[in-house]
Amino acid sequence: EYGITRPKGHKVSFHYNSTVEDMHFGKTHPMKPWRLTLTKHLVLGYGLQYAMDTYEAVAAGIDQVRTFHDPDYVEFLSQVSPQTFDKLCQVPRFRNHVPAKHEGDSVDLGPFNLSTSPGADCPVFDGMSKYLFLYTGATLAATNQLTTNQSDIAINWSGGLHHAHKSEASGFCYINDIVLSIIDMLRIYPRVLYIDIDVHHGDGVEEAFQRQPRVMTLSYHRYGPYDDTGHKFFPGTGDLSDVGLKGTVGEHFALNVPIGSGIDDRQYRYLFESVTGKAIDAFKPSAIVLQCGADSLGGDRLGQFNINIKQHGECVNFVKKTGLPLLILGGGGYTARNVARAWCHETALATNNGAHLSDKIPLDLVPRPEAFMGRAHGDGQLFPKFQKDHRNECVESDLEMKVKKLDEELKY
Ligand code: V1P
Ligand code: CA
Ligand code: ZN
């Protein structure tokens, strides 16, 4: 009915496990796994399951997670729950990992930056261990589809958790599924390009490969003061001059595109296509990982950009056009109904001959139509135009300067 077709010779796999939907980071926490439920509802409502192969994800193994993360950290994550946390904190080898207290810290931090205090970025919650190993398992299964040539594009919207470090959780991210995926890809592909359109800097991925010339990381993100409080936009790294670890063979293989608040569709497209296009030409990747954090959309609860769903999707289309093996991951995204809209649209772009879906959501086929109805919720449209919530700080001459500077960097 909606013209969903399965193009011949182009295989897309979709990796998911609904168990992740039941997770709650805490009442006030912005990360809502519920957005994944809404995404699934739209994907099924539009019939996209007929255009791809869907796989139920299974949990990653401890050994797989250890290919990047510290063994103590992995053991802690595999055992932690609100019930076991205090006891685990008493174990000497875990106690060594408690970060030093800073003045003005609002929450008490336990080992590995984890905490049971309300308001923590990386809380310990019920079912957390299950959740972490599942989103990681989904990314690794998706990766395997690509490295074994069974899919051209593989998708995991529950993955893309780019801030996690080797032995520390950060910014709602515990296991860095992206790093684990790229490590696995390096067995097969000579060079992997990582592109990150989440509104935050992909610091964990950049750091993991800062000495690795076979991986180029490229992040687009809000950078600078958060507001007039003087606080920097999280995580505060990813300056234009940050190009990888100086004096190592990894230097020049990290690229950062810091962006002011309020960037619009046209400006974002200019930046994304100029820099990504040049990076692909210069680096000649053998595969691409695209982190599609939807907090770069207008109207996001944490983000500060003004880009619309179609432009967010254009980034996927642009990368898809290279024809390289492509891993598509989720990430941030804090206005759940719009996260679902964007990721459903992008699922369609990956499959379905890249056709655009009807703007009219098939409300009779989605279980919670009210989530997408009414003026405040986008009037049943897949592509509502977002209000410009943030003043546009971006000026053309400045964007051109950044493109020029990054172009110079790519000449190395
Ligand atoms: O700003 C901070 C930290 C907390 N202070 C010590 C500084 N944290 C941010 C974290 C944002 C993480 C984004 C993750 C991703 O890139 C990938 C999944 O999207 C933060 C914010 C904020 N407005 O930036 N934490 C919280 N808000 C927060 C609010 C309520 C409860 C818990 C956390
Ligand atoms: Ca980013
Ligand atoms: Zn983000």
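Residues numbered from 1 in each chain as written. Chains lettered and ligands numbered in written order. Predicted model: local features only at pLDDT ≥ 70, side-chain atom pairs only at ≥ 80, totals over all residues. Heavy atoms only, no water.

Asks: Got a minute to help me understand the coordination of the zinc ion (ligand 3) in this structure?
Replies: Under perfect tetrahedral coordination by four donors, a metal shows angles of 109.5 degrees; under perfect octahedral coordination by six donors, it shows angles of 90 or 180 degrees. Surrounding the zinc ion (ligand 3) are the protein donor atoms Asp198 (OD), His200 (ND1) and Asp295 (OD), at 1.9 to 2.0 Å. Look at where the donors of the zinc ion (ligand 3) fall in the sequence and you get D-x1-H-x94-D. Remark: Asp295 occurs in the loop between strand 7 (287-291) and helix 10 (309-320) and His200 occurs in the loop between strand 4 (192-196) and helix 8 (203-208); sequence separation between them is 95 residues. The class for His200 is buried, based on a relative accessible area of 7%. (Donors = N, O, S within 2.8 Å, 3.2 Å for Na, K, Ca; no water. Helix = DSSP H or I, 4+ residues; strand = E, 2+ residues; numbered from the N terminus. Buried < 20%, exposed > 50% of the residue type's maximum accessible area, 1.4 Å probe, protein only.)

Asks: Quick question: what am I supposed to make of the site of ligand 1 here?
Replies: Contacts to ligand 1 come from 22 residues, most closely from Asp121, His162, His163, Asp295 and Tyr334. Measuring from an oxygen atom of ligand 1, one finds a side-chain N or O atom of His200 at 3.0 Å. At 2.9 Å, a side-chain N or O of Asp295 approaches an oxygen atom of ligand 1. Against a free-state accessible area of 740 Å², the protein chains account for coverage of 71% of ligand 1. (Near = heavy atom within 4 Å. Polar contact = N/O pair within 3.5 Å; in protein donor to acceptor, adjacent residues only side chain to side chain. Areas by Shrake-Rupley, 256 points an atom, 1.4 Å probe, with all protein chains shown as cover.)

Asks: Hey, could you run me through helix 7 (residues 177-185) in this one?
Replies: Residues that lie three or four places apart on an α-helix share one face, since the helix turns once every 3.6 residues. Counting buried positions along helix 7 gives seven out of nine residues, so the element sits mostly inside the fold. Along helix 7, the residues classified as buried are Asp177, Ile178, Val179, Leu180, Ser181, Ile182 and Met185.

Asks: Sorry if this is basic, but what is going on with the coordination of the calcium ion (ligand 2) here?
Replies: Taken together, Asp196 (O), Asp196 (OD), Asp198 (O), His200 (O), Ser219 (OG) and Tyr220 (O) make up the full set of protein donors to the calcium ion (ligand 2), lying 2.4 to 3.0 Å away. Considering all six donor atoms around the calcium ion (ligand 2), angles at the metal cover 70 to 166° and the coordination shape is irregular. Of note, the donors binding the calcium ion (ligand 2) are all from one chain and are spaced D-x1-D-x1-H-x18-S-Y. Within this pair, whereas His200 is found in the loop between strand 4 and helix 8, its partner Ser219 is found in strand 5 (residues 215-222), the two being separated by 19 residues in sequence. Each member of the pair, His200 as well as Ser219, carries the same accessibility label: buried. (Tetrahedral: all angles 85-135°; square planar, octahedral: opposite > 155°, others 65-115°.)

Asks: Any chance you could explain the environment of Gly160 here in plain terms?
Replies: Inspection of the secondary structure puts Gly160 in the loop between strand 3 (153-156) and helix 7. It is 19 Å that separates the C-alpha atoms of Gly160 and Phe272, two residues lying 112 residues apart in sequence.

Asks: Looking at this structure, I do not really get the pattern of salt bridges. What am I missing?
Replies: Pairs can form between side chains of opposite charge whenever their charged atoms are close. Evaluation of the coordinates by the stated rule reveals 14 salt bridges. The partner of Lys101 in a salt bridge is Asp108, with the nearest N and O atoms 2.8 Å apart. The class for Lys101 is exposed, based on a relative accessible area of 66%. For Asp407, the salt bridge goes to Lys278, with nearest N and O atoms at 3.9 Å. With a gap of 129 residues between them, Asp407 in helix 12 (residues 396-409) and Lys278 in helix 9 (residues 265-283) connect regions that are remote in the sequence. In the salt-bridge network here, residues are joined through shared partners; they are Arg6, Lys11 and Asp53. (Salt bridge = Lys/Arg side-chain N within 4 Å of Asp/Glu carboxyl O.)

Asks: Is there a simple way to think about the sheet that holds strand 7 in this case?
Replies: Within a sheet, neighbouring strands are paired by backbone hydrogen bonds and run either parallel or antiparallel to one another. If you trace the eight strands from one edge of the open sheet to the other, you get 2-1-3-8-7-4-5-6, paired in parallel fashion. The two strands at the open ends of the sheet, each matched to only one other strand, are strand 2 (53-56) and strand 6 (254-259). Each strand of the sheet is rotated relative to its neighbour by a mean of 15°, with strand direction disregarded. As judged from the five bridges shared by strand 4 and strand 7, these two strands associate in the parallel manner. Along strand 7, the bridge assignment pairs Leu193 with Ile288. (Pairing = 2+ DSSP bridges. Axes fitted to C-alpha atoms, helices over the stretch in contact; angles between N-to-C directions.)

Taken by themselves, the reported measurements are silent on function.
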